[in-house]
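Chain by chain, the residues run as shown.
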Amino acid sequence: MENSTVARNAVLRVPPAPPAVAAAHFAASLAFHADVSDVAAALAADDHPGFVVVDSRSTESWDQGHVPGAVHLPTALVPAEAGRLLDRAVPVVTYCWGPGCDGATRSALALTELGYQVKEMLGGFEYWVREGFEFETWEGRERRAADPLTAPAGAADCGC
């Protein structure tokens, strides 16, 4: 009976991994990714949070808006410029536009191939702005109201 239920249910058609396997997977995921809110909190709490944020987008994108204090290093320039802009002893958090863009992943790959420790900021610049964090443009600093679909209204954090 249970197998026929699972076969009809697309969610459980492939059963969940055993807990130990799942724990290894999720721990590995956290080693590769950082949440926008966690990055913002770390940057707000400390002038030297132990990592540097790298914006991997074009100059036009950077001018349109970027995380305050980020280093601008477009992915195509990583091999030539990373050594001049980044310290290999300091972990890097890359970002691009958002979840639909894999520029931060390509940048992270290029940086790890050069020997840097790297995490990718999930949600990218899109979620930075959507969660209501301050950003810089070529005209100065801005902040938009948090999108209630990405950040709780009236709460300091999402509790996750």
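Structure's up top.
This is a predicted model, so every value here is computed, not measured. (Residues numbered from 1 in each chain as written. Predicted model: local features only at pLDDT ≥ 70, side-chain atom pairs only at ≥ 80, totals over all residues. Heavy atoms only, no water.)

Chemist: Mind laying out helix α6 (residues 103-113), listing which residues take part and the relevant values?
Modeler: For α6, every residue scored as buried is listed here: Gly103, Ala104, Ser107, Ala108, Ala110 and Leu111. In an axial view of α6, the angular spread of the buried residues amounts to 165°, which keeps them on one side of the axis. Residues of α6 that are buried in the fold lie against α5 (78-85), β4 (92-95) and β5 (118-122). In the stretch just after α6, Gly115 is the one whose phi turns positive, near 100°. (Buried < 20%, exposed > 50% of the residue type's maximum accessible area, 1.4 Å probe, protein only. Helix = DSSP H or I, 4+ residues; strand = E, 2+ residues; numbered from the N terminus. Arc of directions from axis to C-beta. Contact = heavy atoms within 4.5 Å.)

Chemist: Help me get a handle on the environment of Gln117, residues and values and all.
Modeler: Here Gln117 lies in the loop between α6 and β5. For the pair Gln117 and Phe26, spaced 91 residues apart in the sequence, the C-alpha separation amounts to 19 Å. The residues touching Gln117, leaving out its near neighbours within four places in the chain, are Pro91 and Val92.

Chemist: Tell me about the nonpolar core, and please be specific about residues and values.
Modeler: Grouped together as the largest cluster of nonpolar side chains are 16 residues, with contacts concentrated most on Val39, Val53, Val67, Tyr95, Met121 and Trp128. When sequence neighbours within four positions are dropped, the list of residues in contact with Met121 reads Ala34, Asp35, Val36, Val39, Val67, Val93, Thr94, Tyr95 and Trp128. By size, the runner-up hydrophobic cluster in this structure holds 13 residues, among which are Val54, Leu73, Leu111 and Tyr116. (Core = buried A, V, L, I, M, F, W, Y, C linked by side-chain atoms within 4.5 Å.)

Geometric descriptors of this kind do not, in isolation, establish any biological role.
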